[in-house]
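Observations on the three-dimensional arrangement
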Amino acid sequence: MRFLVVDDSSTMRRIIINTLNKLGYTECHEAGNGREGMDKLATQSVDLVITDWNMPEMSGVEFARAVRANDATKALPILMVTTNAAQGDIVEALKAGVNNYVVKPFTPATIKEKIEAVLKA
Amino acid sequence: MSVPESLIASLVSATEEVFDTMLATTLVRQTGADGALAAPANVVATVAFAGHRRGLVVLYSSMTAARAITGSMLGIPIEDVNGEVPDAMGEVANMVAGTFRTRLAASEPASDISVPTVTIGNDFSTLYSSAVHRTRCPFDMQGEQISVELILTGEADLKRR
(Lines give C-alpha, C1' and ligand atoms only; values in the text may rest on other atoms or scores of the structure.)
Protein backbone atom coordinates (compact mmCIF):
# COMPACT_ATOMS: atom_id res chain seq x y z
CA MET A 1 0.00 0.00 0.00
CA ARG A 2 1.51 3.32 -1.13
CA PHE A 3 0.56 6.59 0.56
CA LEU A 4 0.98 10.25 -0.30
CA VAL A 5 0.93 12.50 2.79
CA VAL A 6 0.25 16.18 1.96
CA ASP A 7 0.73 18.72 4.76
CA ASP A 8 2.62 22.00 5.03
CA SER A 9 3.75 21.06 8.55
CA SER A 10 6.78 18.79 8.44
CA THR A 11 5.94 17.80 12.03
CA MET A 12 2.48 16.61 11.07
CA ARG A 13 3.80 14.75 8.01
CA ARG A 14 6.26 12.97 10.28
CA ILE A 15 3.57 12.12 12.85
CA ILE A 16 1.29 10.70 10.15
CA ILE A 17 4.11 8.74 8.50
CA ASN A 18 5.26 7.41 11.92
CA THR A 19 1.68 6.33 12.52
CA LEU A 20 1.45 4.64 9.11
CA ASN A 21 4.77 2.87 9.72
CA LYS A 22 3.45 1.55 13.04
CA LEU A 23 0.37 0.27 11.22
CA GLY A 24 2.63 -1.62 8.83
CA TYR A 25 2.47 0.83 5.90
CA THR A 26 6.05 1.70 5.01
CA GLU A 27 5.84 3.19 1.50
CA CYS A 28 5.01 6.86 2.05
CA HIS A 29 5.64 9.86 -0.17
CA GLU A 30 5.37 13.47 1.06
CA ALA A 31 4.29 16.85 -0.29
CA GLY A 32 4.12 20.28 1.37
CA ASN A 33 0.91 21.53 -0.29
CA GLY A 34 -1.70 20.56 -2.85
CA ARG A 35 0.31 21.73 -5.84
CA GLU A 36 3.31 19.66 -4.79
CA GLY A 37 0.85 16.81 -4.19
CA MET A 38 -0.37 16.99 -7.79
CA ASP A 39 3.26 17.01 -8.98
CA LYS A 40 3.95 13.88 -6.91
CA LEU A 41 0.88 12.13 -8.28
CA ALA A 42 2.15 12.78 -11.81
CA THR A 43 5.33 10.83 -11.09
CA GLN A 44 4.49 8.35 -8.30
CA SER A 45 1.99 5.52 -8.10
CA VAL A 46 -0.10 5.97 -4.96
CA ASP A 47 -2.99 3.97 -3.49
CA LEU A 48 -4.29 6.47 -0.92
CA VAL A 49 -3.81 10.18 -0.25
CA ILE A 50 -3.85 11.72 3.23
CA THR A 51 -4.11 15.52 3.12
CA ASP A 52 -4.35 18.50 5.43
CA TRP A 53 -6.86 21.28 4.66
CA ASN A 54 -5.12 24.58 5.47
CA MET A 55 -2.01 24.81 3.30
CA PRO A 56 -0.33 27.56 1.26
CA GLU A 57 -0.52 27.66 -2.57
CA MET A 58 -3.19 24.96 -2.89
CA SER A 59 -5.41 23.95 0.04
CA GLY A 60 -6.55 20.41 0.75
CA VAL A 61 -10.02 21.13 -0.62
CA GLU A 62 -8.59 22.60 -3.84
CA PHE A 63 -6.25 19.61 -4.05
CA ALA A 64 -9.18 17.17 -3.70
CA ARG A 65 -11.03 18.97 -6.52
CA ALA A 66 -7.88 18.81 -8.70
CA VAL A 67 -7.47 15.09 -8.02
CA ARG A 68 -11.09 14.41 -8.97
CA ALA A 69 -10.78 16.53 -12.13
CA ASN A 70 -7.80 14.55 -13.42
CA ASP A 71 -8.62 11.34 -15.33
CA ALA A 72 -5.47 9.66 -14.05
CA THR A 73 -6.25 10.29 -10.36
CA LYS A 74 -10.02 10.76 -10.15
CA ALA A 75 -10.64 7.40 -8.43
CA LEU A 76 -7.90 7.84 -5.82
CA PRO A 77 -9.17 7.59 -2.22
CA ILE A 78 -8.58 10.78 -0.20
CA LEU A 79 -8.52 10.99 3.60
CA MET A 80 -8.46 14.50 5.08
CA VAL A 81 -6.70 15.12 8.42
CA THR A 82 -7.47 18.57 9.77
CA THR A 83 -8.56 20.68 12.72
CA ASN A 84 -11.47 22.03 10.63
CA ALA A 85 -14.25 19.99 12.19
CA ALA A 86 -17.34 22.19 12.11
CA GLN A 87 -20.29 20.57 10.31
CA GLY A 88 -19.99 23.01 7.39
CA ASP A 89 -16.30 22.15 6.96
CA ILE A 90 -17.01 18.43 6.67
CA VAL A 91 -19.77 19.00 4.12
CA GLU A 92 -17.46 21.24 2.03
CA ALA A 93 -14.66 18.65 2.10
CA LEU A 94 -16.94 15.78 1.12
CA LYS A 95 -18.40 17.85 -1.73
CA ALA A 96 -14.85 18.52 -2.97
CA GLY A 97 -14.24 14.78 -3.25
CA VAL A 98 -12.74 13.79 0.09
CA ASN A 99 -13.75 10.22 1.00
CA ASN A 100 -13.32 10.42 4.77
CA TYR A 101 -12.26 12.77 7.50
CA VAL A 102 -9.97 12.63 10.58
CA VAL A 103 -10.09 15.46 13.08
CA LYS A 104 -6.85 16.51 14.77
CA PRO A 105 -5.86 15.61 17.46
CA PHE A 106 -6.13 11.93 16.51
CA THR A 107 -5.02 8.54 17.77
CA PRO A 108 -3.37 5.83 15.62
CA ALA A 109 -6.55 3.76 16.09
CA THR A 110 -8.59 6.49 14.43
CA ILE A 111 -6.22 6.67 11.45
CA LYS A 112 -6.37 2.88 11.08
CA GLU A 113 -10.17 2.83 11.26
CA LYS A 114 -10.55 5.60 8.68
CA ILE A 115 -8.04 4.05 6.26
CA GLU A 116 -9.90 0.76 6.45
CA ALA A 117 -13.22 2.53 5.90
CA VAL A 118 -11.89 4.39 2.84
CA LEU A 119 -10.44 1.22 1.33
CA LYS A 120 -13.64 -0.76 1.91
CA ALA A 121 -15.87 1.87 0.28
CA MET B 1 -15.90 42.99 28.92
CA SER B 2 -14.06 40.07 30.52
CA VAL B 3 -13.37 36.78 28.77
CA PRO B 4 -16.48 34.59 29.24
CA GLU B 5 -15.98 31.55 31.49
CA SER B 6 -17.41 29.26 28.80
CA LEU B 7 -14.64 30.30 26.41
CA ILE B 8 -11.97 29.71 29.05
CA ALA B 9 -13.42 26.25 29.76
CA SER B 10 -13.41 25.42 26.03
CA LEU B 11 -9.80 26.54 25.64
CA VAL B 12 -8.66 24.58 28.70
CA SER B 13 -10.39 21.38 27.58
CA ALA B 14 -9.08 21.80 24.01
CA THR B 15 -5.52 22.17 25.34
CA GLU B 16 -5.87 19.13 27.62
CA GLU B 17 -7.27 17.03 24.75
CA VAL B 18 -4.42 17.92 22.37
CA PHE B 19 -1.72 17.11 24.94
CA ASP B 20 -3.46 13.92 26.05
CA THR B 21 -4.08 12.61 22.52
CA MET B 22 -0.98 13.72 20.62
CA LEU B 23 1.62 13.72 23.41
CA ALA B 24 0.23 11.16 25.87
CA THR B 25 0.80 13.84 28.51
CA THR B 26 -1.67 14.80 31.20
CA LEU B 27 -1.60 18.51 31.94
CA VAL B 28 -2.41 19.66 35.47
CA ARG B 29 -4.28 22.94 35.52
CA GLN B 30 -2.77 25.38 37.96
CA THR B 31 -4.90 27.56 40.13
CA GLY B 32 -6.52 30.63 38.72
CA ALA B 33 -6.57 32.27 35.36
CA ASP B 34 -4.44 35.25 34.43
CA GLY B 35 -1.54 33.53 36.16
CA ALA B 36 1.89 34.98 35.53
CA LEU B 37 4.48 32.54 34.21
CA ALA B 38 6.86 31.25 36.88
CA ALA B 39 9.67 31.63 34.36
CA PRO B 40 9.92 33.67 31.16
CA ALA B 41 8.61 31.95 28.03
CA ASN B 42 11.23 31.31 25.37
CA VAL B 43 8.75 29.93 22.85
CA VAL B 44 5.47 31.65 21.95
CA ALA B 45 3.19 30.07 19.34
CA THR B 46 0.24 32.15 18.15
CA VAL B 47 -2.84 31.39 16.04
CA ALA B 48 -5.31 34.15 15.18
CA PHE B 49 -9.02 33.64 14.65
CA ALA B 50 -11.53 35.91 12.93
CA GLY B 51 -15.19 35.87 12.00
CA HIS B 52 -17.91 35.65 14.63
CA ARG B 53 -15.17 36.17 17.21
CA ARG B 54 -11.79 37.82 16.74
CA GLY B 55 -8.65 37.25 18.71
CA LEU B 56 -5.65 35.04 19.35
CA VAL B 57 -4.83 31.72 20.99
CA VAL B 58 -1.28 31.83 22.34
CA LEU B 59 0.81 28.94 23.68
CA TYR B 60 3.77 29.83 25.94
CA SER B 61 6.55 27.51 27.05
CA SER B 62 10.17 27.40 28.04
CA MET B 63 12.62 26.00 25.50
CA THR B 64 13.04 22.95 27.74
CA ALA B 65 9.30 22.27 27.65
CA ALA B 66 9.13 22.96 23.90
CA ARG B 67 11.91 20.43 23.24
CA ALA B 68 10.07 17.86 25.39
CA ILE B 69 6.82 18.50 23.50
CA THR B 70 8.60 18.25 20.14
CA GLY B 71 10.37 15.02 21.07
CA SER B 72 7.16 13.48 22.30
CA MET B 73 5.22 14.45 19.16
CA LEU B 74 7.88 13.12 16.81
CA GLY B 75 8.70 10.04 18.88
CA ILE B 76 12.38 10.96 19.23
CA PRO B 77 14.61 11.52 22.30
CA ILE B 78 14.79 15.13 23.50
CA GLU B 79 18.54 15.22 22.86
CA ASP B 80 17.85 14.45 19.18
CA VAL B 81 15.48 17.41 18.76
CA ASN B 82 17.28 19.80 16.45
CA GLY B 83 15.45 22.52 14.56
CA GLU B 84 12.01 20.92 14.73
CA VAL B 85 10.74 23.08 17.63
CA PRO B 86 9.14 25.95 15.63
CA ASP B 87 7.12 23.68 13.36
CA ALA B 88 6.10 21.35 16.20
CA MET B 89 5.02 24.14 18.55
CA GLY B 90 3.15 25.81 15.70
CA GLU B 91 1.34 22.55 15.06
CA VAL B 92 0.40 22.20 18.75
CA ALA B 93 -0.96 25.76 18.76
CA ASN B 94 -2.82 25.03 15.52
CA MET B 95 -4.48 21.96 17.04
CA VAL B 96 -5.39 23.78 20.27
CA ALA B 97 -6.88 26.72 18.34
CA GLY B 98 -8.64 24.41 15.88
CA THR B 99 -10.17 22.28 18.62
CA PHE B 100 -11.23 25.44 20.47
CA ARG B 101 -12.80 26.79 17.26
CA THR B 102 -14.70 23.54 16.68
CA ARG B 103 -16.10 23.60 20.22
CA LEU B 104 -17.34 27.14 19.79
CA ALA B 105 -18.81 26.30 16.37
CA ALA B 106 -21.20 23.85 18.07
CA SER B 107 -23.15 26.80 19.48
CA GLU B 108 -22.29 29.81 17.31
CA PRO B 109 -21.11 30.63 13.76
CA ALA B 110 -17.64 29.26 13.04
CA SER B 111 -14.65 31.58 12.94
CA ASP B 112 -11.64 31.01 10.68
CA ILE B 113 -8.16 30.43 12.07
CA SER B 114 -4.81 31.56 10.68
CA VAL B 115 -1.63 29.62 10.10
CA PRO B 116 0.51 29.62 13.27
CA THR B 117 3.44 31.93 13.94
CA VAL B 118 6.17 31.00 16.42
CA THR B 119 8.55 33.37 18.22
CA ILE B 120 11.66 31.94 19.91
CA GLY B 121 14.16 33.93 21.93
CA ASN B 122 15.15 35.41 25.26
CA ASP B 123 14.26 38.61 27.05
CA PHE B 124 11.14 39.57 25.13
CA SER B 125 7.54 40.22 26.11
CA THR B 126 4.28 40.41 24.17
CA LEU B 127 2.28 43.62 24.52
CA TYR B 128 -1.21 44.35 23.21
CA SER B 129 -3.38 47.44 23.11
CA SER B 130 -5.54 48.16 26.14
CA ALA B 131 -8.66 47.36 24.08
CA VAL B 132 -8.11 43.60 24.23
CA HIS B 133 -9.28 41.16 26.89
CA ARG B 134 -6.81 38.48 27.96
CA THR B 135 -6.93 35.38 30.12
CA ARG B 136 -3.89 33.20 30.63
CA CYS B 137 -4.33 29.62 31.91
CA PRO B 138 -1.19 27.98 33.35
CA PHE B 139 -0.60 24.22 33.41
CA ASP B 140 2.04 21.96 34.91
CA MET B 141 3.49 19.53 32.36
CA GLN B 142 5.59 17.02 34.27
CA GLY B 143 7.35 19.74 36.26
CA GLU B 144 7.54 22.29 33.44
CA GLN B 145 5.11 25.17 33.26
CA ILE B 146 3.29 25.96 30.04
CA SER B 147 0.32 28.23 29.54
CA VAL B 148 -2.31 29.08 26.98
CA GLU B 149 -3.77 32.51 26.60
CA LEU B 150 -7.00 33.67 25.00
CA ILE B 151 -7.00 37.23 23.69
CA LEU B 152 -10.27 38.70 22.46
CA THR B 153 -10.55 41.88 20.46
CA GLY B 154 -14.08 43.28 20.79
CA GLU B 155 -17.41 41.57 21.29
CA ALA B 156 -18.71 38.57 19.35
CA ASP B 157 -20.34 39.59 16.06
CA LEU B 158 -23.97 39.02 17.03
CA LYS B 159 -25.20 40.38 13.68
CA ARG B 160 -23.93 37.25 11.96
CA ARG B 161 -26.05 34.92 14.06
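Before reading on, note that the structure itself is shown above.
I will try to describe carefully the structure that is included in this document. (Residues numbered from 1 in each chain as written. Chains lettered and ligands numbered in written order. Predicted model: local features only at pLDDT ≥ 70, side-chain atom pairs only at ≥ 80, totals over all residues. Heavy atoms only, no water.)

What follows deals with the overall build of chain A. Assigned secondary structure in chain A consists of five helices and five strands. Each helix and strand of chain A, placed in order from N terminus to C terminus, yields the pattern β-α-β-α-β-α-β-α-β-α. Since a compact globule built from 121 residues should have a radius of gyration of about 14 Å, the 13 Å found for chain A is in line with a globular shape. Going through the 121 residues of chain A one by one, you find that 54% of them count as buried. Contacts in chain A between residues far apart in sequence, at least 24 positions, make up 60% of those at least 6 positions apart. Carbon together with sulfur atoms contributes 47% to the accessible area of chain A, which is approximately 5,400 Å² in total. One way to put it: in chain A the 14 positive side-chain charges average out to a point 4 Å from where the 15 negative ones average out. (Helix = DSSP H or I, 4+ residues; strand = E, 2+ residues; numbered from the N terminus. Rg over C-alpha atoms; globule rule 2.2 N^0.38 Å. Buried < 20%, exposed > 50% of the residue type's maximum accessible area, 1.4 Å probe, protein only. Contact = heavy atoms within 4.5 Å. Areas by Shrake-Rupley, 256 points an atom, 1.4 Å probe, with all protein chains shown as cover. Lys, Arg positive; Asp, Glu negative; His and termini not counted. Charge placed at Lys NZ, Arg CZ, Asp CG, Glu CD.)

Moving on: the environment of Ser2 of chain B. Mapped onto the elements of the fold, Ser2 of chain B is located in the segment before α1 (5-23). Placed 150 residues apart in sequence, Ser2 of chain B and Leu152 of chain B show a C-alpha to C-alpha distance of 9.0 Å.

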